[in-house]
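Residue-level structural notes
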Amino acid sequence: MRVPWRREESELDRELRYHLETMADGFERDGMTRAAAMRRARREFGGVESIKDACRDEHRWSWLAQIGQDLEFGWRMMRKTPSVSIAAVLTLALGIGATTAKLTLADTLLWRTLPVPAPEQLSEILWFSKDRPEGLNSGSSGSMFRDGTLRVADFFSMAAYRNMRETVKGKARIAGHLYNQRVSISYAGRVSVAEERPVTGNFFTTLGLQPHQGRLLQDSDDAAGAAPVVVLTHRFWASKLGGERTAAGSAMRINNRVYTIAGVLPPAFTGIIPGEATDLYIPIPQSPRMLTADSWYREGEGDARKWIIQLLARREPGVSEDELRAALAAPYAASWAARPKSAEATPQLRISEASRGLGAMRRRFGDPVWTLLGLVTLVLLIACANIANLLLARSVEREKEAALRVSLGCEELRLLRQFFTESLLLACIGGALSVGVAAGLSALMVTLIPGAEALTLAPQTDPRALAGTGVVTLAAAMVFGLYPAWRTARAGVAPALKEGITLSRARWTPARMLVMAQMALGVLLVTAAIVFTTRLNELAGKDAGFERQHVLLFDLRPGEVGYKGDRLQQFWAAAEERLGAMSGVEKAGIAQTRPMLGGGHWDSVHNGDNRAEVAVHHGTPDFLASLGVPLVAGRVARPNETGVIILGQNLARELNAGLGSLVEMNKRKLTVIGIAKTAQYSSMEEEHRVVYLPFSSEQDSGTVLLRTAAPPLALVGPVRETVGALDKSIPLVDIYTMEQQISRTLQRERLFAWLCGSFGVLALVLCAVGLYGLLSHTTARRTGEIGIRMALGATRGRVMQQVLADGLRLAVAGLALGTLLAFWAARVAESQKLLPEGQMPGWTLVAAIAVLGTSAVLAVAGPALRASSVDPIHALRQG
Amino acid sequence: MGKKSDLVQGTLDLLVLKTLALQPAHGYAIAQRILASSRQVLDVQQGSLYPALHRLERKGLVTSEWREGENGRMAKVYSLTKPGARQLREEMDEWSRYIAAIQWVLEA
């Protein structure tokens, strides 16, 4: 390496050597031997090294040279205590890198605000009630979740949307959208599928988006006879249309109808739900589902009882959410088709903050933002504690060294600088590694997260997250790195120099307290990780009430290619029959709603005075058998039979209804012909009371369920052929096995559990590294003492036992503290509804303690073994 | 050889500059010339010359180059720069005033 101070060094050497040799030449001429002449020259010249030093101090580069010396010395000191240095560097790299990677991911999914101007003005409009708003609502499309005893939903009638939108003009703008649907598209001769979301004409102006190309939507696109247009997301335009400049204005076929591409959305906007994959936006009146004859949505256009639209509001500056809610209450009530039957059944509005987009994630986990932030904080605390205790452990001997150097004439400022440089060196190495760790983990996480392929994620290391975590940990490194120099400067040199070999007993030094605190936090994190992962596994592995293996699901949409009336009925009948007759297929059924997709229709059923809220699912006669829900009693409907109903067993008990009972639903009397085993249908999470009604073959789309003898995916080819033989133009949409379908529903839970789990692992590694670093260092420092003990007759076993006991005492104290912390945290989590009550059984804690305890034993074992192999003579000589 | 005197603090730079004003020289030669021209009174400690030379070089008062010395080895030869010459004049004036002042005090 050629650095300025090195070059001058060698020139200086040559210059001084010339002088010495010339001097010696003179003495040689006086008759001295060469060697004697050189000796005399050196003597008269003065101390060569100190003169070199003095020369160096005169140089322009002297400050740089000193930093070089500091760095070199720092590097030497780091290598002198490798266990501490490696542990510290690892802690920095993992602590900063891993938290950054996770924060980046969490930010992408949970925290990032929508890339629109003033996102804080956006709100989602929801409604809630205790009972189902009977008479007001006869069918809905959207999502509903429970908040305690309340049911909260996001769907409204078109009439409610129009009323509210007109009334609050000046206070807020309200836009609407319907749920995504998969459509088939064809552009320039290429055919593919895309996710389509119908929106109101003011949707993009309400969001405040500017087109990347062409134009976005406008109010006039909402008119009934307006020309059909479509807006593309940038991602779709770039990947499927190759980013054509001339795309705007050209035609695209969607479900066999011609649309004009109006424009392309800006690249930053990926949708209003984090991670969603919408490709196309079409004005509601022109959307395929509205144009389909007899479509349920089309009926919803003019029927105030069908609640189909989701609403988004942008409040004008200065208008609060409460004001908006108050202003919306009257127009909302005015849109109802009837008067509510009771106070409990009266829907009330709820305005929910939507600057980060809409998302069921936050609803399901309370507020995972805070949970994750809490976990990040804990991990960072552990990392800082690690750094602190490692550097403090080393500081004891550094104090002695510092004192020695001060007493030999080293300036205090120079000493501080030395320690500062060392800390900086450590921080830089750790920091540099952490950038690599962050980038690597970010990339790895996307591949590891189950179901991530369905998310549109492009996580890049978030510089803010890196900076944030970096500053905290590096600051800790600097503070604790400087500590020994600061102590020396304050306490003076005498006490530090007096210590020789110390016969130390385990004391409660700050470092030991830190390790203990660390173990305690570790218990908390590992417990959290176990709780959340177990919860996921419980959800995923829970008995859904049906046989989940060997089921293949796919959608057919004959309505989209023009089937209606009798033709449509014939198609459904033929499809069910031919699919059911295929070899390898045991049963084939068709359902109106796809199971495990989280959707459905809700209604209420009466049997006399007994009433219950139910999820309504329509299916063909063989549908229950293909789903794998056995009948407990009775029979399934015959083809084309109406006026009959099958109840879930739990529901039948609740309604006190049996076979032959006449129950009332939606003002129609229905005869109970069968009781089915209790089963989940729309999701794994909530236990629904389910009723099954016959499939209406006027449905323009449906989900086919095939119960197969062989692995379901092996049948995909033959199934395609069978459907193709009926009509080549009808594609199979969303082909999944039931197990895939279930895991897709739990995607977000998975992600969350995965994040928690990985924080737990990180905490575990950091704790082990910290304990190992501290113990191996103290053991190394006590080599002299151990030597004395052994010389005085202590056996190897006894020494080992002592070191083990010392380390484990710390671990156990930490674990005990952690247990208390965990109980307290569980209480908080339950009260914050992050966890259902009783989700933290004792064994979770036991498992966490066992895992941490094991890692503690492993971390302690190394130093203990090393202590027991100390050679007393060698140790005493060194000491 | 008579009695040797230690250098008055801060005068070494002046002596070095003056010596180099006569002709460029390497460190050893400078020491020899100071000794000779002070009639063997001022014995500069040879080593202490170098920090002074490096300091003067950093200030731009002298420059150096490697030249072959009389014994065939490469020597680092220093010479005075223009700012060095100016500095020398100023320091000589300063020194004369200083000496005169001391003289006045001693004779008072």
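Treat the numbers as computed from the prediction; the structure is a model and nothing was measured.

**Comments concerning the overall build of chain B**
Looking only at helices and strands, one finds four helices and three strands in chain B. Secondary structure of chain B in N-to-C order comes out as α-β-α-α-β-β-α. Within the span of chain B, comprising 108 residues, buried residues form 36% of the whole. Within chain B, contacts between residues separated by at least 24 positions form 48% of all contacts whose residues are at least 6 apart in sequence.

**Examining the interface of chain B and chain A**
By convention, interface size is frequently given as the accessible area that disappears when the constituent parts associate. Contacts between the two partners involve 21 residues from chain B, matched on the other side by 21 residues from chain A. Taking both sides of the interface into account, the surface hidden between chain B and chain A amounts to around 2,000 Å²; carbon and sulfur atoms contribute 56%. Here chain B and chain A share three salt bridges between them. Linking Lys-76 of chain B and Glu-15 of chain A is a salt bridge whose minimum nitrogen-to-oxygen distance equals 3.8 Å. Elements supplying a minimum of two residues to the side of chain B that touches chain A: helix H2 (27–37), helix H3 (49–58) and strand S3 (74–80) of chain B. Per-element accounting of the side of chain B that touches chain A gives the leading share, five residues, to H3 of chain B. A class-by-class count of the residues in the side of chain B that touches chain A yields seven nonpolar, nine polar and five charged.

**Focus on the sheet that holds strand S1 (residues 25–26) of chain B**
All names here are of chain B. With antiparallel pairing, three strands are arranged side by side in an open sheet as S1-S3-S2. Each edge of the open sheet carries a strand with a single partner, namely S1 and strand S2 (62–68). Bridge count between S2 and S3: seven bridges; the pairing is antiparallel. Each bridged residue has a counterpart across the sheet, and for Glu-65 the counterpart in S3 is Val-77. Against the sheet, H3 makes contact with S2 and S3, and its axis sits at roughly 55° relative to S3, the strand it touches most.

**Structural notes on the packing of helix H3 (residues 48–57) of chain A against H3 of chain B**
Packing of H3 of chain A against H3 of chain B leaves a shortest axis separation of 8 Å and a crossing angle of 15°. Considering their axes alone, H3 of chain A and H3 of chain B lie roughly parallel with respect to each other. Along this stretch, H3 of chain A crosses H3 of chain B, giving a crossing that reads as right-handed. Residues Ile-51, Ala-54 and Cys-55 of chain A of H3 of chain A pack against Tyr-50, Pro-51 and His-54 of chain B of H3 of chain B.

**Quick word on the pattern of salt bridges**
If you walk through the whole model with that rule in mind, you get 27 salt bridges over all chains. Here Glu-641 of chain A ties to Arg-638 of chain A by a salt bridge, and the two come within 3.8 Å at their closest N and O atoms. One salt-bridge network, in which partners are shared between bridges, spans Arg-17, Glu-21, Asp-25, Glu-28 and Arg-34 of chain A together with Arg-73 of chain B.

**Structural notes on the environment of Thr-63 of chain B**
Residue and element names in this part refer to chain B. With respect to the helices and strands, Thr-63 occurs in strand S2. Classification of Thr-63 by relative accessible area gives partly exposed; the value is 38%. Among residues more than four places away in sequence, those in contact with Thr-63 are Val-77, Tyr-78, Ser-79 and Thr-81.

**Quick notes on H3 of chain A**
Buried within H3 of chain A are the following residues: Val-48, Ile-51, Lys-52, Cys-55 and Arg-56 of chain A. End-on view of H3 of chain A: buried residues confined to an arc of 140°, all on one side of the axis.

**Focus: the packing of aromatic side chains**
By convention here, two paired aromatic rings are described through the distance between centres and the angle between planes. Taken as a whole and assessed by the stated rule, the structure comprises 15 aromatic pairs over all chains. Ring plane angle 80° and centroid distance 5.2 Å describe the contact between Tyr-332 of chain A and Trp-336 of chain A, whose orientation is recorded as edge-to-face. In terms of burial, Tyr-332 of chain A and Trp-336 of chain A fall into one category: buried. Feature note: the residues Trp-127, Phe-155, Phe-156, Trp-307, Tyr-332 and Trp-336 of chain A constitute an aromatic cluster, connected by ring pairs. Positioned over the ring face of Trp-66 of chain B is Arg-14 of chain A, at 4.1 Å from the centre of the ring. Here Arg-350 of chain A stacks its cationic end above the ring of Phe-128 of chain A, 5.3 Å away from the centre of that ring.

**Brief notes about the confidence of the model for chain A**
Residue and element names in this part refer to chain A. Averaged over every residue, the pLDDT of chain A is 80; the share at 70 or more is 87%. Per-element confidence in chain A ranges from a low mean pLDDT of 51 for helix H12 (residues 360–364) to a high of 95 for strand S9 (residues 229–232). Long-range and interchain partners of residues 450–456, a stretch whose pLDDT sits below 50, account for 15 contacts in this model, where long-range means more than four residues apart. When the criterion is pLDDT under 50, residues 500–506 qualifies, and its contacts beyond four places in sequence or with other chains add up to 13 contacts.

**Focus on the side chain of Asp-734 of chain A**
All names here are of chain A. Along the chain, Asp-734 turns up in strand S26 (residues 733–737). Exposure remark for Asp-734: the relative accessible area of 19% places this residue in the buried category. Ignoring anything within four residues of it in the chain, the contact list for Asp-734 reads Arg-182, Leu-553, Phe-554 and Arg-594.

Thresholds, definitions, all that
- Residues numbered from 1 in each chain as written.
- Chains lettered and ligands numbered in written order.
- Predicted model: local features only at pLDDT ≥ 70, side-chain atom pairs only at ≥ 80, totals over all residues.
- Heavy atoms only, no water.
- Helix = DSSP H or I, 4+ residues; strand = E, 2+ residues; numbered from the N terminus.
- Buried < 20%, exposed > 50% of the residue type's maximum accessible area, 1.4 Å probe, protein only.
- Contact = heavy atoms within 4.5 Å.
- Buried area = accessible area lost by both parts, 1.4 Å probe.
- Salt bridge = Lys/Arg side-chain N within 4 Å of Asp/Glu carboxyl O.
- Nonpolar A, V, L, I, M, F, W, Y, C, P; charged D, E, K, R; others polar.
- Pairing = 2+ DSSP bridges.
- Axes fitted to C-alpha atoms, helices over the stretch in contact; angles between N-to-C directions.
- Parallel < 35°, antiparallel > 145°, perpendicular 65-115°, else oblique.
- Left-handed = near helix turned anticlockwise from the far one by under 90°.
- Arc of directions from axis to C-beta.
- Phe/Tyr/Trp six-rings, centres within 6.5 Å; stacked < 30°, edge-to-face > 60°.
- Lys NZ or Arg CZ within 6 Å of the ring centre and 35° of its normal.
- pLDDT = per-residue confidence, 0-100.

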